[in-house]
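Overview (structure and organization)
The residues making up each chain are set out below.
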Protein chains: 2
Amino acid sequence: MNDEYELLLLENQVCFPTYAVANKILRRYQPLLKKINLTYTQYITMMVLWEKEEVNEKDLVKALYLKANTLTNMLRKLEQKGYIEIGRDENDKRNIIISLTDEGRYLKEKAINVPKALADEHWLTDEEFKTYKSLLYKLLKGDW
Amino acid sequence: MNDEYELLLLENQVCFPTYAVANKILRRYQPLLKKINLTYTQYITMMVLWEKEEVNEKDLVKALYLKANTLTNMLRKLEQKGYIEIGRDENDKRNIIISLTDEGRYLKEKAINVPKALADEHWLTDEEFKTYKSLLYKLLKGDW
DNA sequence: ACAAATTATGTCGCGCGCGATATAATATAC
DNA sequence: GTATATTATATCGCGCGCGACATAATTTGT
(Lines give C-alpha, C1' and ligand atoms only; values in the text may rest on other atoms or scores of the structure.)
Protein backbone atom coordinates (compact mmCIF):
# COMPACT_ATOMS: atom_id res chain seq x y z
CA MET A 1 0.00 0.00 0.00
CA ASN A 2 2.74 2.47 0.99
CA ASP A 3 5.27 0.82 -1.26
CA GLU A 4 5.53 3.79 -3.54
CA TYR A 5 6.81 5.87 -0.64
CA GLU A 6 9.92 3.73 -0.58
CA LEU A 7 10.97 5.76 -3.59
CA LEU A 8 11.29 8.69 -1.19
CA LEU A 9 13.89 7.07 1.07
CA LEU A 10 17.31 8.70 0.85
CA GLU A 11 18.94 5.32 0.30
CA ASN A 12 16.85 4.70 -2.81
CA GLN A 13 17.93 7.90 -4.54
CA VAL A 14 20.76 8.20 -7.09
CA CYS A 15 21.04 11.90 -6.55
CA PHE A 16 21.81 11.69 -2.86
CA PRO A 17 24.98 9.55 -2.71
CA THR A 18 26.32 11.07 -5.94
CA TYR A 19 25.98 14.57 -4.60
CA ALA A 20 27.32 13.63 -1.17
CA VAL A 21 30.39 11.92 -2.66
CA ALA A 22 31.02 14.90 -4.93
CA ASN A 23 31.01 17.20 -1.89
CA LYS A 24 33.23 14.85 0.06
CA ILE A 25 35.76 14.69 -2.77
CA LEU A 26 35.76 18.48 -3.07
CA ARG A 27 36.44 18.83 0.65
CA ARG A 28 39.39 16.45 0.26
CA TYR A 29 40.80 18.35 -2.72
CA GLN A 30 40.39 21.86 -1.42
CA PRO A 31 43.30 22.01 1.08
CA LEU A 32 45.60 20.57 -1.60
CA LEU A 33 44.38 23.05 -4.21
CA LYS A 34 44.83 25.91 -1.79
CA LYS A 35 48.57 25.22 -1.80
CA ILE A 36 48.72 25.95 -5.52
CA ASN A 37 46.25 28.84 -5.29
CA LEU A 38 43.51 27.26 -7.43
CA THR A 39 39.86 26.52 -6.77
CA TYR A 40 38.42 23.23 -7.98
CA THR A 41 36.83 24.70 -11.10
CA GLN A 42 40.01 26.60 -11.89
CA TYR A 43 41.93 23.34 -11.48
CA ILE A 44 39.86 21.37 -13.98
CA THR A 45 40.06 24.30 -16.40
CA MET A 46 43.84 24.33 -16.12
CA MET A 47 43.87 20.56 -16.71
CA VAL A 48 42.21 21.12 -20.07
CA LEU A 49 44.75 23.81 -20.93
CA TRP A 50 47.76 21.77 -19.83
CA GLU A 51 46.57 19.17 -22.29
CA LYS A 52 45.52 21.40 -25.18
CA GLU A 53 47.41 24.71 -24.69
CA GLU A 54 44.46 26.62 -26.14
CA VAL A 55 40.65 26.25 -26.24
CA ASN A 56 37.69 28.36 -27.07
CA GLU A 57 35.09 28.87 -24.35
CA LYS A 58 32.44 26.88 -26.19
CA ASP A 59 34.62 23.76 -26.26
CA LEU A 60 35.63 24.30 -22.66
CA VAL A 61 31.97 24.33 -21.66
CA LYS A 62 31.53 20.97 -23.35
CA ALA A 63 34.71 19.51 -21.90
CA LEU A 64 33.81 20.49 -18.33
CA TYR A 65 30.08 19.75 -18.53
CA LEU A 66 29.26 23.17 -17.11
CA LYS A 67 27.34 26.20 -18.37
CA ALA A 68 29.00 29.17 -20.05
CA ASN A 69 27.86 31.65 -17.42
CA THR A 70 29.56 29.60 -14.73
CA LEU A 71 32.88 30.01 -16.50
CA THR A 72 32.87 33.74 -17.24
CA ASN A 73 33.92 34.98 -13.81
CA MET A 74 36.13 32.03 -13.04
CA LEU A 75 38.12 32.62 -16.24
CA ARG A 76 38.61 36.25 -15.27
CA LYS A 77 40.06 35.13 -11.96
CA LEU A 78 42.48 32.81 -13.74
CA GLU A 79 43.43 35.71 -15.98
CA GLN A 80 44.02 37.95 -12.95
CA LYS A 81 46.24 35.28 -11.46
CA GLY A 82 48.24 35.36 -14.67
CA TYR A 83 47.76 31.72 -15.66
CA ILE A 84 45.70 32.30 -18.80
CA GLU A 85 45.05 34.87 -21.48
CA ILE A 86 41.55 35.63 -22.78
CA GLY A 87 41.17 36.80 -26.34
CA ARG A 88 38.66 36.83 -29.17
CA ASP A 89 38.78 34.82 -32.36
CA GLU A 90 39.53 37.34 -35.13
CA ASN A 91 37.54 35.30 -37.65
CA ASP A 92 34.45 35.14 -35.47
CA LYS A 93 34.47 37.74 -32.76
CA ARG A 94 31.77 35.96 -30.80
CA ASN A 95 34.27 33.28 -29.80
CA ILE A 96 36.49 33.58 -26.76
CA ILE A 97 39.89 31.94 -27.04
CA ILE A 98 41.65 30.95 -23.85
CA SER A 99 45.36 30.24 -23.89
CA LEU A 100 48.02 29.25 -21.41
CA THR A 101 50.64 31.76 -20.26
CA ASP A 102 54.18 30.74 -19.31
CA GLU A 103 53.19 31.13 -15.69
CA GLY A 104 50.21 28.84 -16.27
CA ARG A 105 52.41 26.29 -17.98
CA TYR A 106 54.82 26.39 -15.09
CA LEU A 107 52.01 25.82 -12.57
CA LYS A 108 51.68 22.29 -13.90
CA GLU A 109 54.91 21.37 -12.11
CA LYS A 110 53.31 22.22 -8.78
CA ALA A 111 49.87 20.87 -9.66
CA ILE A 112 51.22 17.39 -10.24
CA ASN A 113 51.47 17.11 -6.46
CA VAL A 114 47.70 17.15 -6.09
CA PRO A 115 46.95 13.80 -7.78
CA LYS A 116 50.25 12.43 -6.43
CA ALA A 117 49.21 13.16 -2.87
CA LEU A 118 45.90 11.39 -3.37
CA ALA A 119 47.26 8.41 -5.31
CA ASP A 120 48.27 6.68 -2.07
CA GLU A 121 44.80 6.87 -0.63
CA HIS A 122 43.10 3.76 -1.92
CA TRP A 123 39.46 4.73 -1.67
CA LEU A 124 38.51 1.88 -3.98
CA THR A 125 40.40 -1.08 -5.42
CA ASP A 126 41.74 -0.66 -8.96
CA GLU A 127 38.95 -2.84 -10.28
CA GLU A 128 36.23 -0.94 -8.43
CA PHE A 129 37.73 2.33 -9.51
CA LYS A 130 37.58 1.28 -13.14
CA THR A 131 33.96 0.17 -12.81
CA TYR A 132 33.04 3.35 -10.95
CA LYS A 133 34.53 5.59 -13.61
CA SER A 134 32.90 3.70 -16.46
CA LEU A 135 29.48 4.01 -14.82
CA LEU A 136 30.02 7.71 -14.23
CA TYR A 137 30.91 8.26 -17.86
CA LYS A 138 27.90 6.26 -18.95
CA LEU A 139 25.74 8.60 -16.87
CA LEU A 140 27.61 11.65 -18.09
CA LYS A 141 27.25 10.79 -21.75
CA GLY A 142 23.72 9.46 -21.46
CA ASP A 143 20.96 11.42 -23.03
CA TRP A 144 18.57 12.42 -20.25
CA MET B 1 59.49 10.51 -18.74
CA ASN B 2 56.28 12.54 -18.72
CA ASP B 3 54.24 9.64 -17.45
CA GLU B 4 53.47 11.30 -14.16
CA TYR B 5 51.68 14.06 -16.03
CA GLU B 6 49.07 11.53 -17.08
CA LEU B 7 47.74 11.91 -13.57
CA LEU B 8 46.73 15.42 -14.60
CA LEU B 9 44.43 14.36 -17.41
CA LEU B 10 40.75 15.00 -16.72
CA GLU B 11 39.88 11.45 -17.66
CA ASN B 12 42.17 10.06 -14.97
CA GLN B 13 40.51 11.99 -12.14
CA VAL B 14 37.81 10.65 -9.83
CA CYS B 15 36.74 14.13 -8.85
CA PHE B 16 35.88 15.24 -12.34
CA PRO B 17 33.21 12.76 -13.49
CA THR B 18 31.72 12.51 -9.98
CA TYR B 19 31.29 16.24 -9.79
CA ALA B 20 30.01 16.51 -13.36
CA VAL B 21 27.43 13.76 -12.82
CA ALA B 22 26.29 15.37 -9.57
CA ASN B 23 25.71 18.64 -11.43
CA LYS B 24 23.92 16.87 -14.24
CA ILE B 25 21.62 15.07 -11.81
CA LEU B 26 20.85 18.33 -10.02
CA ARG B 27 19.95 20.00 -13.30
CA ARG B 28 17.57 17.11 -14.03
CA TYR B 29 15.93 17.31 -10.60
CA GLN B 30 15.55 21.06 -10.38
CA PRO B 31 12.58 21.59 -12.71
CA LEU B 32 10.72 18.75 -10.94
CA LEU B 33 11.53 20.16 -7.51
CA LYS B 34 10.40 23.60 -8.58
CA LYS B 35 6.89 22.20 -9.01
CA ILE B 36 6.76 21.33 -5.32
CA ASN B 37 8.57 24.50 -4.28
CA LEU B 38 11.65 22.80 -2.84
CA THR B 39 15.36 23.17 -3.57
CA TYR B 40 17.49 20.05 -3.72
CA THR B 41 18.89 20.43 -0.21
CA GLN B 42 15.42 21.14 1.13
CA TYR B 43 14.21 18.00 -0.63
CA ILE B 44 16.74 15.65 0.94
CA THR B 45 16.04 17.25 4.32
CA MET B 46 12.33 16.60 3.90
CA MET B 47 13.10 13.00 2.94
CA VAL B 48 14.77 12.48 6.30
CA LEU B 49 11.77 14.00 8.07
CA TRP B 50 9.20 12.01 6.11
CA GLU B 51 11.02 8.94 7.35
CA LYS B 52 11.72 9.98 10.93
CA GLU B 53 9.16 12.73 11.75
CA GLU B 54 11.71 14.48 13.97
CA VAL B 55 15.51 14.89 14.07
CA ASN B 56 18.02 17.07 15.79
CA GLU B 57 20.32 19.15 13.63
CA LYS B 58 23.40 17.19 14.62
CA ASP B 59 21.91 13.93 13.35
CA LEU B 60 20.66 15.67 10.22
CA VAL B 61 24.19 16.86 9.49
CA LYS B 62 25.39 13.27 9.70
CA ALA B 63 22.52 11.90 7.63
CA LEU B 64 23.03 14.39 4.81
CA TYR B 65 26.86 14.43 4.87
CA LEU B 66 26.86 18.21 4.98
CA LYS B 67 28.17 20.81 7.45
CA ALA B 68 26.00 22.43 10.10
CA ASN B 69 26.49 25.95 8.76
CA THR B 70 25.14 24.85 5.40
CA LEU B 71 21.89 23.81 7.04
CA THR B 72 21.14 26.84 9.21
CA ASN B 73 19.70 29.11 6.55
CA MET B 74 18.11 26.32 4.55
CA LEU B 75 16.21 25.14 7.62
CA ARG B 76 14.94 28.67 8.19
CA LYS B 77 13.59 28.70 4.65
CA LEU B 78 11.79 25.40 5.23
CA GLU B 79 10.37 26.89 8.41
CA GLN B 80 9.17 29.98 6.53
CA LYS B 81 7.50 27.73 4.00
CA GLY B 82 5.66 26.10 6.89
CA TYR B 83 6.95 22.57 6.32
CA ILE B 84 8.99 22.23 9.52
CA GLU B 85 9.23 23.58 13.05
CA ILE B 86 12.54 24.44 14.65
CA GLY B 87 12.83 24.14 18.42
CA ARG B 88 15.41 23.53 21.12
CA ASP B 89 15.84 20.42 23.22
CA GLU B 90 14.75 21.41 26.74
CA ASN B 91 17.22 18.97 28.29
CA ASP B 92 20.16 20.34 26.38
CA LYS B 93 19.50 23.75 24.95
CA ARG B 94 22.42 23.51 22.54
CA ASN B 95 20.46 21.02 20.45
CA ILE B 96 18.09 22.07 17.70
CA ILE B 97 15.13 19.79 17.15
CA ILE B 98 13.46 19.83 13.74
CA SER B 99 9.98 18.40 13.34
CA LEU B 100 7.47 17.98 10.57
CA THR B 101 4.33 20.14 10.42
CA ASP B 102 1.04 18.87 8.98
CA GLU B 103 1.76 20.89 5.88
CA GLY B 104 5.17 19.24 5.61
CA ARG B 105 3.64 15.81 6.05
CA TYR B 106 1.13 16.58 3.34
CA LEU B 107 3.88 17.68 0.93
CA LYS B 108 5.00 14.05 0.73
CA GLU B 109 1.95 13.29 -1.43
CA LYS B 110 3.18 15.73 -4.05
CA ALA B 111 6.85 14.89 -3.63
CA ILE B 112 6.29 11.27 -4.58
CA ASN B 113 5.92 12.49 -8.15
CA VAL B 114 9.59 13.45 -8.30
CA PRO B 115 11.10 9.95 -8.08
CA LYS B 116 8.11 8.56 -10.00
CA ALA B 117 8.79 10.90 -12.93
CA LEU B 118 12.42 9.79 -13.05
CA ALA B 119 11.80 6.08 -12.54
CA ASP B 120 11.03 5.63 -16.22
CA GLU B 121 14.31 7.10 -17.33
CA HIS B 122 16.67 4.15 -17.33
CA TRP B 123 20.00 5.87 -17.02
CA LEU B 124 21.62 2.58 -16.02
CA THR B 125 20.47 -1.03 -15.96
CA ASP B 126 19.23 -2.34 -12.61
CA GLU B 127 22.45 -4.25 -12.15
CA GLU B 128 24.64 -1.26 -12.97
CA PHE B 129 22.55 0.93 -10.74
CA LYS B 130 23.07 -1.44 -7.82
CA THR B 131 26.83 -1.53 -8.42
CA TYR B 132 26.98 2.23 -8.81
CA LYS B 133 25.19 2.85 -5.53
CA SER B 134 27.28 0.36 -3.61
CA LEU B 135 30.49 2.00 -4.85
CA LEU B 136 29.17 5.43 -3.91
CA TYR B 137 28.35 4.26 -0.40
CA LYS B 138 31.76 2.67 -0.09
CA LEU B 139 33.27 6.04 -0.96
CA LEU B 140 30.89 7.88 1.30
CA LYS B 141 31.57 5.70 4.33
CA GLY B 142 35.27 5.36 3.66
CA ASP B 143 37.66 7.05 6.04
CA TRP B 144 39.68 9.54 4.01
C1' DA C 1 32.40 25.37 43.08
C1' DC C 2 34.43 27.08 39.28
C1' DA C 3 38.00 27.48 35.48
C1' DA C 4 38.93 25.13 31.28
C1' DA C 5 37.62 22.12 27.69
C1' DT C 6 34.09 20.42 24.74
C1' DT C 7 29.92 20.53 22.03
C1' DA C 8 26.24 22.47 19.07
C1' DT C 9 25.04 26.06 16.51
C1' DG C 10 25.52 30.71 14.31
C1' DT C 11 27.85 34.50 11.38
C1' DC C 12 30.72 35.96 7.66
C1' DG C 13 32.77 36.00 3.19
C1' DC C 14 33.87 33.62 -0.89
C1' DG C 15 33.26 30.86 -5.16
C1' DC C 16 30.52 28.46 -7.57
C1' DG C 17 26.36 26.68 -10.80
C1' DC C 18 22.34 27.60 -12.51
C1' DG C 19 18.00 29.58 -15.06
C1' DA C 20 16.35 33.66 -16.96
C1' DT C 21 17.32 37.33 -19.59
C1' DA C 22 20.14 40.63 -22.40
C1' DT C 23 23.49 41.83 -25.93
C1' DA C 24 26.56 41.59 -29.76
C1' DA C 25 28.31 39.17 -33.81
C1' DT C 26 27.35 36.21 -37.54
C1' DA C 27 24.41 33.48 -40.64
C1' DT C 28 20.14 32.79 -43.18
C1' DA C 29 16.09 33.91 -45.84
C1' DC C 30 13.85 36.21 -49.24
C1' DG D 1 20.58 44.08 -49.14
C1' DT D 2 18.16 43.97 -45.22
C1' DA D 3 15.00 41.86 -41.77
C1' DT D 4 15.14 37.71 -39.04
C1' DA D 5 17.12 33.86 -36.78
C1' DT D 6 20.94 31.81 -34.64
C1' DT D 7 25.06 31.61 -31.93
C1' DA D 8 28.39 32.88 -28.27
C1' DT D 9 28.99 35.20 -24.36
C1' DA D 10 27.65 38.35 -20.42
C1' DT D 11 24.71 40.04 -16.47
C1' DC D 12 21.74 39.28 -12.62
C1' DG D 13 19.89 37.10 -8.61
C1' DC D 14 19.50 33.12 -5.86
C1' DG D 15 20.82 29.07 -3.02
C1' DC D 16 24.11 26.50 -1.67
C1' DG D 17 28.67 24.50 0.75
C1' DC D 18 32.48 25.44 2.87
C1' DG D 19 36.45 27.11 6.15
C1' DA D 20 37.37 30.30 9.63
C1' DC D 21 35.86 32.26 13.44
C1' DA D 22 32.44 33.54 17.28
C1' DT D 23 29.08 32.40 20.83
C1' DA D 24 26.34 30.00 24.15
C1' DA D 25 25.32 25.78 26.75
C1' DT D 26 27.10 21.83 28.94
C1' DT D 27 30.72 18.81 30.76
C1' DT D 28 35.05 17.83 32.89
C1' DG D 29 38.87 18.29 36.02
C1' DT D 30 40.42 19.27 40.30
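These numbers were taken from a predicted model, which means no experiment stands behind them. (Residues numbered from 1 in each chain as written. Chains lettered and ligands numbered in written order. Predicted model: local features only at pLDDT ≥ 70, side-chain atom pairs only at ≥ 80, totals over all residues. Heavy atoms only, no water.)

Time to look at the overall build of chain A. The secondary structure content of chain A amounts to seven helices and three strands. Walking chain A from its N terminus toward its C terminus, one meets helices and strands in the order α-α-β-α-α-β-β-α-α-α. The burial tally for chain A puts 47% of its 144 residues in the buried class. Considering only residue pairs separated by 6 or more positions, chain A has 53% of its internal contacts joining residues 24 or more positions apart. If you sum the accessible surface of chain A, you get close to 8000 Å²; carbon and sulfur atoms cover 47% of it. (Helix = DSSP H or I, 4+ residues; strand = E, 2+ residues; numbered from the N terminus. Buried < 20%, exposed > 50% of the residue type's maximum accessible area, 1.4 Å probe, protein only. Contact = heavy atoms within 4.5 Å. Areas by Shrake-Rupley, 256 points an atom, 1.4 Å probe, with all protein chains shown as cover.)

Looking now at the protein's contact with DNA strand C. Every one of the 24 residues lining DNA strand C counts as a neighbour, but Asn69(A), Tyr19(B), Arg27(B), Lys58(B) and Ile96(B) are closest to it. The protein-proximal atoms of DNA strand C, defined as those within 4 Å of the protein, are 82% sugar or phosphate. Between DNA strand C and Lys93(A) there is a distance of 2.8 Å, counted from a phosphate oxygen to a backbone nitrogen or oxygen. Contact distances for DNA strand C include 3.2 Å between a sugar or linking oxygen and a backbone N or O atom of Arg94(B). For the surface near DNA strand C, the secondary structure elements donating two or more residues are α2 (40-52), α4 (68-80) and β3 (92-100) of chain A together with α1 (15-35), α3 (57-64), α4 (68-80) and β3 (92-100) of chain B. The greatest single-element share of the surface near DNA strand C, amounting to four residues, is contributed by α4(A). Residues of the surface near DNA strand C, tallied by class, amount to four nonpolar, nine polar and eleven charged. (Near = heavy atom within 4 Å. Polar contact = N/O pair within 3.5 Å; in protein donor to acceptor, adjacent residues only side chain to side chain. Nonpolar A, V, L, I, M, F, W, Y, C, P; charged D, E, K, R; others polar.)

Here the focus is the pairing of β3(A). Residue and element names in this part refer to chain A. In the sheet, strand β1 (residues 54-56) pairs with β3 via three bridges, with the strands oriented antiparallel. Bridge pairing in β3 links glutamate 54 to serine 99. Both strand β2 (residues 84-89) and β3 contribute to a ladder of six bridges, which runs antiparallel. Residue pairing across strands places glutamate 85 opposite serine 99, the latter belonging to β3. (Pairing = 2+ DSSP bridges.)

On to the nonpolar core. The biggest cluster of nonpolar side chains holds 99 residues, and the ones touching the most others in it are Met46(A), Leu64(A), Tyr132(A), Tyr43(B), Met46(B), Leu64(B) and Tyr132(B). Residues in contact with Leu64(B), not counting those within four places in the same chain, are Leu10(A), Phe16(A), Ile44(B), Thr45(B), Val48(B) and Leu71(B). (Core = buried A, V, L, I, M, F, W, Y, C linked by side-chain atoms within 4.5 Å.)

Across the contact, 61 residues belong to chain B and 61 residues belong to chain A. Summing the contributions of chain B and of chain A, the shared interface buries around 6600 Å²; its carbon and sulfur component is 74%. Area buried by chain B at its contact with chain A is led by Leu8(B), Lys24(B) and Trp144(B), which between them contribute 12% of it. Along the contact surface separating chain B from chain A lie four salt bridges. As a salt-bridge pair, Lys116(B) and Glu4(A) come within 2.9 Å of each other at their nearest N and O atoms. Counting across the chain B and chain A interface gives 18 residue pairs in polar contact (both at pLDDT 80 or more). Residue assignment for the side of chain B that touches chain A shows that the elements contributing at least two residues are α1, α2 (40-52), α3, α5 (102-111), α6 (113-119) and α7 (126-141) of chain B. The biggest single contributor to the side of chain B that touches chain A is α1(B), with 15 residues. In the side of chain B that touches chain A, the residues fall into 39 nonpolar, seven polar and 15 charged. (Buried area = accessible area lost by both parts, 1.4 Å probe. Salt bridge = Lys/Arg side-chain N within 4 Å of Asp/Glu carboxyl O.)

Bringing the pattern of salt bridges into the picture now. All told, the structure shown has twelve salt bridges over all chains when counted by the stated rule. Residue Arg28(B) is joined to Glu121(B) by a salt bridge in which the shortest nitrogen-to-oxygen separation is 2.5 Å. Here Arg28(B), found in helix α1, pairs with Glu121(B), found in the loop between α6 and α7; they are 93 residues apart in sequence, far enough to count as distant. One salt-bridge network, in which partners are shared between bridges, spans Glu53(A), Asp102(A) and Arg105(A).

In this section: the packing of aromatic side chains. In this structure the tally under the stated criterion is eight aromatic pairs over all chains. Ring centres 6.2 Å apart and planes at 50° place the aromatic pair Tyr29(A) and Tyr43(A) in the tilted group. Taken together, the residues Tyr29(A) in helix α1 (residues 15-35) and Tyr43(A) in helix α2 connect sequence positions 14 residues apart. Residue class for Tyr43(A) comes out buried when judged on its relative accessible area of 0%. The aromatic ring of Trp144(B) is capped on one face by Lys24(A), whose charged end is 4.6 Å from the ring centroid. (Phe/Tyr/Trp six-rings, centres within 6.5 Å; stacked < 30°, edge-to-face > 60°. Lys NZ or Arg CZ within 6 Å of the ring centre and 35° of its normal.)

Attention now moves to the protein's contact with DNA strand D. The full set close to DNA strand D counts 24 residues, and Tyr19(A), Arg27(A), Lys58(A), Ile96(A) and Asn69(B) are the nearest of them. Protein-adjacent atoms of DNA strand D, using a 4 Å cutoff, are sugar or phosphate at a proportion of 82%. Interatomic distance of 2.8 Å between a side-chain N/O atom of Lys58(A) and a phosphate oxygen of DNA strand D. Contact between DNA strand D and Lys67(B): a phosphate oxygen at 3.1 Å from a main-chain N or O atom of the residue. No other element matches α4(B), which puts four residues into the surface near DNA strand D. Grouping the constituent residues of the surface near DNA strand D by class yields four nonpolar, nine polar and eleven charged.

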